[in-house]
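Below, each chain spelled out in residue letters.
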Amino acid sequence: MHLYNLTLQRATTVSQAVHGNFCGTKQQELCVARGKILEILRPDPNTGKVYTLHATEAFGEIRSLMPFRLTGGSKDYIVVGSDSGRIVILEYNTSKNCFEKVHQETFGKSGCRRIVPGQYLAMDPKGRAVMVGACEKQKLVYILNRDAQARLTISSPLEAHKANTIVYHMVGVDVGFENPTFACLEIDYEECDNDPSGESAQKVSQMLTYYELDLGLNHVVRKYSEPLDEHANMLVAVPGGTEGPSGVIICAENYLTYKNFGDQPDIRCPIPRRRHDLDDPERGMIFVCSATHKTKSMFFFLAQTEQGDVFKITLEIDEDMVTEIKLKYFDTVPVCSSLCVLKTGFLFCASEFGNHYLYQIAHLGDDDDEPEFSSSMPLEEGVTFFFDPRALRNLVLVDELDSLAPIMSCQIADLANEDTPQLYTACGRGPRSTFRVLRHGLEVSEMAVSELPGNPNAVWTVKRNTEEEYDAYIIVSFVNATLVLSIGETVEEVTDSGFLGTTPTLSCSQLGEDALVQVYPEGIRHIRADKRVNEWKAPGKKLIVKCAVNQRQVVIALTGGELVYFEMDPSGQLNEYTESKEMSKDVVCMAIGRVPTGEQRCRFLSVCLSDNTVRILSLDPSDCLSPLSMQALPAPPESLCVLDMSAQSDSKEEAEGGLYLNIGLQNGVLLRTVLDSVTGDLSDTRTRYIGTRAVKLFRIHMQGSEAVLAMSSRSFLSYWHQNRFQVTPLSYESLEYASGFSSEQCPEGIVAISANTLRILALEKLGAVFNQASTSLTYTPRKFVISQDTNSLVIIETDHNAYTEETTQQRKQQMAEEMVEAAGDEQQELAAEVAAAFLSEDLPDSQFGAPKAGKGLWASNITLLNTSSWELSHVIKLEQNEAAFSISLCKFTGHGEQQFVLVGVGKDLILNPRSHSGGSIHCYKINSGKLELVHKTPVDDIPGAICPFQGRALISVGKLLRIYDLGKKKMLRKCENKSIPNYITNITSMGHRVYVTDVQESFHFIRYKRQENQLIVFADDTYPRWITAACKLDYGTMAGADKFGNITVIRLPTDVSDDVDEDPTGTKALWDRGLLNGATQKAASVVNFHVGEVITSLQKTTLIPGGSESLVYTTLSGGVGMLVPFTSNEDYEFMQHLEMHMRSELPPLCGRDHMSYRSAYYPIKNVIDGDLCEMFSSLDISKQKSVAGELDRNPAEVSKKLEDIRTRFAF
C-alpha cells in the first residue's frame, strides 16, 4: 500500500502573529504562524479586508516569531525559532512572492527539547542582537549587523547558559543605544532538586534577571537579578531611549509591576476584576497577551486578561521617573493568542479558538466616562478594583477571518443531494462553538438582483473610454431586442447610447480610445464618442453567426464558414481586411485575446469548427488569416476564451509566454491549453470535468489579472492564485451568461443573468477552499451522528470547568441575595436596585466568555439539529456534573427499523487524579423533531464508545467491552471482555470482528463467538499508540491517528487466524504469552506518516462525484487533508523520485530536515508528501527544468501529473 498526502485546507489556527513592514513599503503586513505554516497577511487600509499575500509550509513546528529591522532600515526581517535546532532569518521577497532564507545557523539538536533553544525569542528594539532561549538552561545571543554591501550579517552565538533554571518569558529591554539588554523571568530549581522533603519547592521564588551583551568585549553577562513577590507569566518592554522611560512591566497573578534600574521605585497596581463575577473568587487573574503602540509623542499598551477583557495601560512619567500605572477598561474581545496594533489604527486579534478578527480602533477611550484605575489609589493588599464589562465601544469590527480550529469531529456526507459531498464539522470551544457545513466553493455576495422584462440571452459591460476606471453601460441582449442600462448611483435604461435596440446583439466592446462597437446578425455598428455611427452590413443573404472582438480588432464569421477580419487604423476607423477566408466547416465559436500593452494587435485568432477541431489563425498583416496550428477535440466544442497571463509579474509561465486557450466542450469538460505566443502552437492540455451542461466561458478580471468564468450546471472560476491555477466552483445557483463588472461600490464584480433576472455579484474570499454555513452551539461539541431517516443530526456538547444554565441562574440569585443582605438599613433600596440590575443584565457568553466553575464541574447538552433548516429543533440539558462522552445510532433486533440514539454519560468526573461516581447509558428515540427518553441504565464506569453490532450494541464501560441488548426498563448486559488494558476510546465492527482502540495501547482485534457468547482478543499491535481517531479500511486493515500527529495504517498478516479459543485453565497462556504480553498474534504497520497536527477524525470516502476513494482527515488546528492511494507502480516511483529531488532543491524554510520531520515519531513508511511535491511550481524555472530533466520529463508534464492526482480525488 502506497499513499500520497494532500492538504485540502491549511490549518486556520494562529499560534503567533507579529506585524511589520515585510514588503519594504510604508504599508504594514501581518506575519502569522499556524503551527507548521508561515503566512503573510495584508489588511487593506481602505476596505479593511484581510487577504493572504503568501502562505507556505515550513515542515517544522514554528515555536516563536519576531520581526526586526536594522537601525536605519526600512524593511523588516523575520526571525523564526522552531524545532530544527537552528535559528533562521527570513526576508519576504515581493517580486517572487516567497520567503527567502537570509541566514540559517545551527546550534543544537532537532525536536522540541527542554534544553535546546527555540522556544523563546527576544529582540533588541534597535535590531542589534537577538536572544534565543530554551525552556531550561540554554540561552544564545546573536549579534546582527550589515556588511559593506548592506547585506545582513550574523555573528557566532554567545552563550548565556545557566544550569537548573526554568525560563518563563523573555523580552529585549529598550535601552536606546546602550549595550543591548534582555530581561528574563526565571526560576532556579537546584535547591528544590536536592531537597527530598519538597519544602524548598514551596518557598522558591521567581527571579527577574537582566542579561547584558557587552558589544565592546563581545560577551554576555548576567547583570542583575532580583526575586519577585508574585508568580509572573509575562514581561512587557516599555519604550526607552528618547521615547520613554525604558524598563519592563511584569504581568503577574492579580498584579502589574513596573521595574527599572537605578532609583526607580517599583510601581504596583492590581488587575481589575469584573463586578459580580460568577468565577471562583479565589481564582487569580492574569494577562495572557499584550500589544504595544508607540508614536513619537506617546505610547500605550493593550493587554488582555484570560476572560477576554482588554485594558489600556499608560504610564505617568515625571522627569524620566515613572510615578504611576494607569489602567482603563477598553473593550472585551475573544481570548487571543496574539494582539497586533497597526499604524493604520487596526487591531488584529488572533483568537485562541474560532474566528480571527480585525477591528478598527475608533476611540482611544480617553474622554469617556469609564473609570480609570491607578497604582496611586490606596488599596489594601489583596483587594482589587472592579469594572463593568459592556458591549464594544472603542473598537469597530471590520473583518472576520473564518477559522475552523478546533475541529472536534467531522463527517462527510451528501445530505443536501448536491452530488458533491459536504463536510459537516463540529468546531470551536465553549460558548463560541459552531456546527459548520463546508462546501467546496467560493462564497458569492449578491450586490443587486433586478428583474428584466423577458428572458435575456446575453449581457456585457463597456466603458466609455480607456481612462475611465469603472464601466459605463450594461448591454443586455434579448431574442429580438437590445437593452442599454447606464451605471451610476442606480442602474437605469438609456436610449441615446447609439446602440441599435431593435435587434439582438452578438457582442459589443469598447473600441480604441473612446468608441464602442456593436455586432449584430445583420452587420457591425461602430459608435464614435460624438455619437457618429458607421455601419457595415453583411453581404447578400448572409448573416453574422459568430464574432470575436477586442479593443482594436473585430473578426466575424458569416453563414457558411466565411471569416471577415477588421482592424482599427490610427485615425480610429475600422478597416476591413481585403481577403476573407472560407473555412472547411461551420464555425462553432471563436475567440481573440486582448491587445498586449505596447502592441497594435493580438496576433492569434482561435476558431472551433463543427468537425471537433480548434484552429489557430494568424492575424499578422504579412500572413493574415493563414492557419498556424490545430488540435483535435474529444467532443463537440461550445465556447472559447483566450487568457493573457503575461501581466502576472510572479507568473512562472513567462517562459511559455503566458497565453492560455480555454475550451469549453458540450459534454461539460473544460480544457486549458498553453498557446505559444511566438509560433501559435498548442501544447500541455489540462482537463477538468465541471458539470452536466455544455460549458460557456467568459473572461473577467480578478485581483488585477484575468480569470475565466466557466458556466455549466455549476459555475466555476479558473484563476491564478498563489503560484498556481485554481479551478473553484461558485457556491451559487446556476447562471447562464456573465461579464466582468466594475463600479465604485464593487470594483471587481460580475454581472450575470439567470432566467429573467440580472444579478450583480462579488467574490471576496478568493483562495478560500470552502465556504461555510454555521449554527451556534452552547458548549464544546464532542461527537455527532447523522440520522438520514429523520433528516436530523444529534450532537453531544460537553464542557469541563463550566456551569449549566440552571446553576448559573442559581449562582446569580444567590449573589443577588448576598448583596442585599450585606447592605445596611439605609442602603437597602439601592442594594435591591443593584441586585435587580445584576439579575437582568444579559452579557452573551459568546463574546464575554463563560464563567470558569472549577475542576470536576461539567455542563452538557444533547442537541437535535434539523438538516433541512439548520435550526436547533430540540435541546436536552443534562444536570450539573453530568457529561456526555459518546453517542451512536443503533437498531435492535425485534424493534424493526426504529433507530435509537444511545448516549454514554459520565458523572462527577475529575480528570487528574482520575475519579468519578459512575456513568449511565441514556437511550432516546427521535420522534417528530424531538428526542424521547426511553430509559437510563446506570453503569459503574464511563461509557467511552458505543457501536451497533448484529442487532445489539457494543458499549465500552471504562476498560470493559460489553454487549448490551435493549430491554423494557434498561439495557441488558449480554457479554463482557476484560482484557483491554486502560480505557476504550473507539469501537468499530465488521461481521464477527470487532476493532477496539485503547487510549494508549493502539488497536485490539476481537472475535465474537456466538455459540460460546464470548469476545476473544485474537491480535493486537506491537507499538503503544495514543489513538485519537480510527477508521476501518477493510476486514483486516485499520487506519488510526494518535495524539502526537501521526497517521498509521496497520494490517493483519495473511496467516493470522481469528479462530482462537478462550483458555479457562490458564495453562496454555503460560507458554503462549510469548510476544510483548498482550495477544499472541500481532498486526504489522503498513503506513506511517507524521502530519504535525493532532488529528480528530478519519473517514474513508469520496469527495467529488465520480472520484476515487481516499482517507480524509481533519485536525485540531482546523486543517483538512487526505491520503490517496496510487493506482500504478510507475506513478509511485515517479513521485518518489520527484520528492527526493524536491528535498534537496527546496529544503524547508525553518531549517528542519523534511525526512526527519515526517518521521518525528515513527520512520515514514509508504507515504509520499504531496505538499512538498506541489511546491515544484514555486521553484525557479531553471531548477524546474533540471529536476524535470532528471525525471526525463519537461516541467509542464510534471505539473500536469501533480494536478491530475489532485483532481482525480479532490479539488
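Look a little higher up for the structure.
Residues numbered from 1 in each chain as written. Predicted model: local features only at pLDDT ≥ 70, side-chain atom pairs only at ≥ 80, totals over all residues. Heavy atoms only, no water.

### Quick notes on unusual backbone geometry
A negative phi angle is the norm for most residues apart from glycine, just as the trans form is the norm for most peptide bonds. Omega for the bond connecting A405 with P406 falls within 30 degrees of zero, at -10°, which places this linkage in the cis form. Following the sequence through the fold, P406 ends up in the loop between β33 (395–401) and β34 (407–413). Here N254, not a glycine, exhibits a phi torsion of approximately 70°, which is positive. Mapped onto the elements, N254 comes out in the loop between β20 (248–252) and β21 (255–259). For K531, which is not glycine, the phi torsion reads 70° and is therefore positive. (Helix = DSSP H or I, 4+ residues; strand = E, 2+ residues; numbered from the N terminus.)

### Comments concerning a nonpolar patch on the surface
A surface patch of nonpolar side chains, amounting to about 290 Å² of accessible area, comprises W1026, F1044 and Y1161. Turning to its location among the elements, W1026 is positioned in the loop between β82 (1014–1020) and β83 (1027–1034). Judged by relative accessible area, which is 31%, W1026 ranks as partly exposed. (Patch = residues over 30% accessible without salt bridge, like charges linked within 9 Å, V, L, I, M, F, W, Y side chains within 5 Å. Areas by Shrake-Rupley, 256 points an atom, 1.4 Å probe, with all protein chains shown as cover. Salt bridge = Lys/Arg side-chain N within 4 Å of Asp/Glu carboxyl O. Buried < 20%, exposed > 50% of the residue type's maximum accessible area, 1.4 Å probe, protein only.)

### Concerning the pairing of strand β16 (residues 181–188)
Among the 8 residues of β16, 7 are classified as buried, and the element is accordingly described as predominantly covered. In the sheet, strand β15 (residues 165–173) pairs with β16 via 8 bridges, with the strands oriented antiparallel. Residue pairing for β16: M170 is matched across the bridge by C184. (Pairing = 2+ DSSP bridges.)

### Comments concerning the side chain of D471
Tracing the backbone shows D471 in the loop between β38 (458–462) and β39 (473–477). It turns out D471 is buried and unbridged, and the closest side chain with the opposite charge, K463, is 5.2 Å from it. A distance of 3.4 Å separates polar atoms of two side chains, one belonging to D471 and the other to T461. Among the polar contacts made by the side chain of D471, one reaches the main-chain amide nitrogen of S742 at a distance of 2.9 Å. (Lys, Arg positive; Asp, Glu negative; His and termini not counted. Polar contact = N/O pair within 3.5 Å; in protein donor to acceptor, adjacent residues only side chain to side chain.)

### Focus: the sheet that holds strand β67 (residues 781–787)
The 4 strands are arranged β67-β68-β69-β70 in an open sheet whose pairing can be described as antiparallel. Of all strands in the sheet, those with a lone pairing partner are β67 and β70 (872–877), marking the two edges. Across this sheet, the average inter-strand angle for adjacent strands is 15°, counted without regard to direction. As defined by bridge partners, β67 adjoins strand β68 (residues 792–800) across 6 bridges and the pair is classed as antiparallel. Bridge assignment links K783 to a residue of β68, and that residue is I796. (Axes fitted to C-alpha atoms, helices over the stretch in contact; angles between N-to-C directions.)

### Concerning the environment of D214
Relative to the assigned elements, D214 resides in strand β17 (residues 207–214). Note on D214: relative accessible area 21%, which makes it partly exposed. Considering only alpha carbons, one finds D214 and D1061, 847 residues apart in sequence, at a separation of 75 Å. Setting aside residues no more than four positions away along its own chain, D214 makes contact with N179 and H219. One polar contact links the side chain of D214 to the main-chain amide nitrogen of L217, over a distance of 3.2 Å. (Contact = heavy atoms within 4.5 Å.)

### Here we look at the pattern of salt bridges
Summed over all chains, the structure comprises 70 salt bridges. The residue E91 makes a salt bridge to K75 at a minimum N-O spacing of 3.3 Å. In this pair, E91 sits in strand β8 (residues 86–93) while K75 sits in the loop between β6 (62–68) and β7 (77–82), placing the two residues 16 residues apart along the sequence. With its nearest N and O atoms 3.1 Å apart, the salt bridge here joins D368 to K328. Of this pair, D368 sits in the loop between β30 (356–361) and β31 (372–374) while K328 sits in strand β27 (residues 321–332), placing them 40 residues apart in sequence. Overall, the relative accessible area of 9% leaves K328 in the buried class. Because the salt bridges share partners, they merge into one network encompassing K328, D331, D368, D369, E370, R390 and R393.

### What to know about the nonpolar core
Within the largest apolar cluster, 46 residues are counted, with the highest numbers of intra-cluster contacts made by V476, L709, L717 and L763. Residue contributions to this core peak at 5 residues, all from strand β65 (residues 757–763). The contacts of V476, once residues within four sequence positions are left out, are L452, P456, A458, V459, A481, T482, L483, L485 and L758. The next biggest cluster of nonpolar side chains, apart from the first, holds 41 residues, and it includes L6, L8, Y1157 and V1198. (Core = buried A, V, L, I, M, F, W, Y, C linked by side-chain atoms within 4.5 Å.)

These results come straight from atomic positions and should not be treated as a statement about function.
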